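# Coordinate inspection notes
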Amino acid sequence: MSAPERSFFSRDPVEVAPELLGRTVTANGVTIRLAEVEAYREDDPASHSFRGRTARTAVMFGPAGFLYVYFTYGMHYCANLVCGVPGAGAAVLLRAGEVVAGADAARARRGANCADRDLARGPARLAQALGWDRSDDGRDMVGSVGGPGAAARVLSGPRTGVSKAADTPWRFWLADDRFVSPYKRHPKAPPASPQVSRA
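Owing to the predicted nature of the structure, the values given are computational and were not obtained by experimental measurement. (Residues numbered from 1 in each chain as written. Predicted model: local features only at pLDDT ≥ 70, side-chain atom pairs only at ≥ 80, totals over all residues. Heavy atoms only, no water.)

## A look at the overall build of the protein chain
For the record, the criterion: For helices the rule is a DSSP run of H or I covering at least 4 residues; for strands it is a run of E covering at least 2, with both sets numbered from the N terminus onward. Computation of the radius of gyration draws on C-alpha atoms, with the globule rule given as 2.2 Å multiplied by the number of residues to the power 0.38. Summary of the burial criterion: residues with accessible area below 20% of their type's maximum are buried, those above 50% are exposed, and those between are partly exposed, where the area comes from a 1.4 Å probe applied to protein chains only.
The helix and strand inventory of the protein chain stands at four helices and eight strands. Put simply, the protein chain runs from its N terminus to its C terminus through helices and strands in the order α-α-β-β-β-β-β-α-α-β-β-β. For the protein chain, whose C-alpha radius of gyration is 16 Å, the value lies close to the compact-globule estimate of 16 Å for 199 residues. Out of the 199 residues belonging to the protein chain, those deemed buried represent 50%.

This is the structure we're talking about:
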């Protein structure tokens, strides 16, 4: 399966995100087929880059194709693929997927009794299954993302767990895929508008 070049990532994350679905990400002996992702841009109040470049978010500002890893809730790491042109402050959060190779290595990190479905179902679980932490921030991922993309139908809806721009439909997932994580609206987000799809 062909691996996308850096030019693939050097576009608006809202364009890149749905095209990542069905592709694979490989790291530390584990390969995951992506089933769910979220896009973030610098002009987006929910993005880490919204208030400008900091020591924590520097990698988000490019170049594209690198890994942005952050620590959250004092216990979890989450990982993003940097997108756009240098200076754009854009990335795609890797939310969920299926471990298609290296399940034993993933389970050693996630727990011996972890169900196959839950090895990488959620952004913190996905990063843990791949063995990523802040030391991987800035890792070049060109060549580590492969595959032709999704053959299944792609859906979009509001992003999970963000209190600002909560209804922006930049979460993308594979229809009827059992590895997609459940939608959770942030308790501080305003009530959802009736037409918002949450699935």
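## A few points about the pattern of salt bridges
The condition that has to hold: For this analysis, a salt bridge means a side-chain nitrogen from Lys or Arg found within 4 Å of a carboxyl oxygen belonging to Asp or Glu.
Under the criterion given, the structure shown has 17 salt bridges. Between Glu-98 and Arg-33 there is a salt bridge, with the nearest N and O atoms lying 2.9 Å from each other. Residue Glu-98 is located in strand 5 (residues 90-101), and its partner Arg-33 is located in strand 2 (residues 30-40); the two are separated by 65 residues in the primary sequence. Look at Arg-33 and you get buried, because its relative accessible area is 17%. Note that Arg-95 and Glu-38 form a salt bridge whose closest N and O atoms lie 3.9 Å from each other. Here Glu-38 lies in strand 2 and Arg-95 lies in strand 5, a separation of 57 residues in the sequence. Across this residue pair, the class does not change: Arg-95 and Glu-38 are buried. Through salt bridges with shared partners, a single ionic network connects Glu-36, Glu-38, Arg-95 and Arg-171.

## Side note on the side chain of Arg-95
As a reminder, the rule being used: Contact between two residues is taken to exist if any of their heavy atoms lie within 4.5 Å; hydrogens are not considered.
Residue class for Arg-95 comes out buried when judged on its relative accessible area of 7%. Not counting residues within four places of it along the chain, the set of residues in contact with Arg-95 comprises Glu-36, Val-37, Glu-38, Ala-120, Arg-121, Gly-122, Pro-123, Leu-126, Thr-160, Arg-171 and Ser-181.

## A look at the nonpolar core
Rules: To define a nonpolar core, start from buried Ala, Val, Leu, Ile, Met, Phe, Trp, Tyr and Cys residues and group those joined through side-chain atoms within 4.5 Å.
Formed by 40 residues in total, the largest nonpolar core has its most connected members in Leu-20 and Trp-132. Per element, the largest residue contribution to this core is six residues, and it comes from strand 2. Apart from the residues lying within four places of it in its own chain, the contact partners of Trp-132 are Val-25, Ala-27, Asn-28, Leu-67, Tyr-77, Ala-79, Leu-94, Leu-126, Ala-127, Arg-139 and Met-141. Formed by 13 residues, the second largest nonpolar core is a distinct cluster that contains Val-59, Phe-61, Tyr-68 and Ala-91.

## Structural notes on the pairing of strand 4 (residues 76-83)
Rules: Two strands make a pair as long as DSSP finds a minimum of two bridges between them.
A large share of strand 4 lies buried, amounting to six of its eight residues. Where strand 3 (residues 67-72) lies against strand 4, six bridges are found, and the strand directions are antiparallel. Looking across to strand 4, one finds that Tyr-68 is bridged to Asn-80. The turn joining strand 3 and strand 4, which pair antiparallel and follow one another in sequence, is formed by three residues; a positive phi near 55 degrees is taken by Tyr-73. Sheet analysis places strand 4 next to strand 5, joined by four bridges and oriented antiparallel.

## Notes on the environment of Met-75
Among the secondary structure elements, Met-75 is positioned in the loop between strand 3 and strand 4. Given the relative accessible area of 56%, Met-75 is considered exposed. Placed 47 residues apart in sequence, Met-75 and Asn-28 show a C-alpha to C-alpha distance of 20 Å.

## Topic: helix 3 (residues 103-110)
Put simply, the test is: Within this analysis, the arc is defined by the directions that extend from the helix axis to the C-beta atoms.
Taken residue by residue, helix 3 has Ala-106, Arg-107 and Arg-110 as its buried positions. End-on view of helix 3: buried residues confined to an arc of 95 degrees, all on one side of the axis. Away from the buried face of helix 3 by more than 90 degrees, exposed residues Asp-104 and Ala-108 are located. Following helix 3 by one or two positions, Gly-111 has its phi on the positive side, about 125 degrees.

## Digging into the environment of Cys-83
Relative to the helices and strands, Cys-83 is located in strand 4. Between the C-alpha atom of Cys-83 and that of Arg-41, which follows or precedes it by 42 residues, the distance is 9.0 Å. Among residues more than four places away in sequence, those in contact with Cys-83 are Phe-9, Arg-11, Pro-13, Val-16, Ala-64, Ala-88, Ala-90, Ala-91 and Val-92.

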